[in-house]
Amino acid sequence: MDRQTLAAYDLDAVAYAKDWLGQPSPVDLQEVVERFFVRGGTSADIGCGCGREVAWLHANGFSAMGFDASDGLLNEARQKYPSLKFAHAELPELRGIGTFDNVLCETVIMHLDHKQIAPSVRRLFDIVKPSGILYLSWRVTEGADERDAQGRLYAAFDPAVVLAELKTATVLLDEEAVSASSGKKIHRLVVKKPGLEIRD
């Protein structure tokens, strides 16, 4: 993670959690998950923030665990959803994480330095089980990289950088849309990992 971005999330974790939980429900994200995720499969939310999507996944039949690089946001998630599982993990390494049928990474990778984007996408795809699903989205920034008033990085990059790391996958969804929750323009990808070959 970009260190300045991570510091901003740790410093104001309570305010960010309150803001996210106060936003409209992400019905577009939920519809995509319902459409493509492996029902009954294990799920990971990478960059789970305050745990909102982990709670929704768990409540809707997707056994889910949340991971985030911000200890401040993880504390908020654990307080809000004490019965759910959350752990520290940071892109691109995601150390200590197993594999999952479904991996969700919603608006996270735009907070990475350019050189970390490709290895992060590769690592996200690595933790998807054969025949599993990766949902990946990022906030679209036109032109040059930007930082907001809190210092959070919003990297501007070509989607081809992401797609190049997913060339063995089947692309199920590739679109730009306005998030129903944040109201920001995002790029959204859903891909399926190849299954295991059965040899005679």
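Residues numbered from 1 in each chain as written. Predicted model: local features only at pLDDT ≥ 70, side-chain atom pairs only at ≥ 80, totals over all residues. Heavy atoms only, no water.

*Asks:* Any chance you could explain the packing of helix H3 (residues 27-36) against helix H4 (residues 52-59) here in plain terms?
*Replies:* Contact pair H3 / H4: the axes reach a minimum separation of 12 Å and the direction vectors enclose 40°. Taken together, the axis directions place H3 and H4 in an arrangement best described as oblique. Crossing handedness for the pair H3 and H4: right-handed. Side by side, H3 and H4 meet where Leu29, Gln30, Val33 and Glu34 of the first sit next to Glu53, Trp56 and Leu57 of the second. Of the residues in the contact of H3 with H4, the class split is four nonpolar, one polar and two charged. (Axes fitted to C-alpha atoms, helices over the stretch in contact; angles between N-to-C directions. Helix = DSSP H or I, 4+ residues; strand = E, 2+ residues; numbered from the N terminus. Parallel < 35°, antiparallel > 145°, perpendicular 65-115°, else oblique. Left-handed = near helix turned anticlockwise from the far one by under 90°. Contact = heavy atoms within 4.5 Å. Nonpolar A, V, L, I, M, F, W, Y, C, P; charged D, E, K, R; others polar.)

*Asks:* Quick question: what am I supposed to make of the packing of aromatic side chains here?
*Replies:* Aromatic rings in a pair are described by how distant their centres are and how their planes are angled relative to each other. On inspection of all chains with the given rule, the structure shows six aromatic pairs. For the pair Tyr16 and Trp20, a centre-to-centre distance of 5.8 Å together with 25° between the ring planes defines the contact as stacked. Taken together, the positions of Tyr16 and Trp20, both in helix H2 (residues 13-22) and four residues apart, correspond to about one turn of that helix. Among the residues examined, Tyr16 registers a relative accessible area of 8% and is labelled buried. (Phe/Tyr/Trp six-rings, centres within 6.5 Å; stacked < 30°, edge-to-face > 60°. Buried < 20%, exposed > 50% of the residue type's maximum accessible area, 1.4 Å probe, protein only.)

*Asks:* Would you mind going over the side chain of Thr5 with me for this structure?
*Replies:* By the element assignment, Thr5 lies in helix H1 (residues 3-11). You can call Thr5 buried: its relative accessible area is 0%. With near-sequence residues (within four places) excluded, Thr5 lies in contact with His111, Arg147, Gly151, Arg152 and Leu153.

*Asks:* What is the right way to read the state of the cysteines from this model?
*Replies:* By definition, a disulfide is the covalent link that joins the sulfur atoms of two cysteine residues. With the rule as written, the count across this model stands at zero disulfides. Not engaged in a disulfide, the cysteine Cys48 finds its nearest cysteine sulfur in Cys50; these two sulfurs lie 8.3 Å apart. (Disulfide = S-S within 2.5 Å.)

*Asks:* So what exactly am I meant to see when it comes to the side chain of Thr141 here?
*Replies:* When you line up the elements, Thr141 lands in the loop between strand E5 (128-139) and strand E6 (146-147). Under the relative-accessibility criterion, Thr141 is labelled buried at 11%.

*Asks:* Would you take a moment to explain H4 for this structure?
*Replies:* For an α-helix the count is 3.6 residues per turn, leaving residues at separations of three or four pointing the same way. In terms of burial, H4 is a largely internal element, six of the eight residues being buried. Within the span of H4, buried status applies to Arg52, Glu53, Val54, Ala55, Trp56 and Leu57. Buried positions along H4 lie against H2, H3, strand E1 (43-46), strand E2 (64-68), strand E3 (85-88) and strand E4 (100-105). In the segment just after H4, Gly61 is the residue with positive phi, at about 90°.

*Asks:* Is there a simple way to explain the sheet that holds E2 in this structure?
*Replies:* Strands pair in a sheet through their backbones, by hydrogen bonds, and they do so in one of two ways: parallel or antiparallel. If you walk across this open sheet you meet the seven strands as E3-E2-E1-E4-E5-E9-E8, and the pairing is mixed. The open sheet has two edge strands with one neighbour each: E3 and strand E8 (170-178). Adjacent strand axes in the sheet meet at a mean angle of 15°, parallel and antiparallel pairs treated alike. Pairing of E1 with E4 involves three bridges; the strand directions are parallel. Its bridge partner being in E4, Ala44 is matched across the sheet by Val103. Running at roughly 145° to E5, helix H6 (residues 114-126) makes contact with E1, E4, E5 and strand E9 (185-192) of the sheet. (Pairing = 2+ DSSP bridges.)

*Asks:* I tried to follow the packing of H2 against helix H5 (residues 71-80) on my own but got confused; where do I start?
*Replies:* Helix packing geometry: the angle between the two helix axes and the distance between the axes. Contact pair H2 / H5: the axes reach a minimum separation of 8 Å and the direction vectors enclose 55°. The angle between the axes of H2 and H5 places the two elements in the oblique class. Crossing of H2 over H5 shows right-handed handedness. On H5, the residues touching Ala13, Val14, Tyr16, Ala17, Trp20 and Leu21 of H2 are Gly72, Leu73, Glu76 and Lys80. Of the residues assigned to the contact of H2 with H5, the class counts are seven nonpolar, one polar and two charged.

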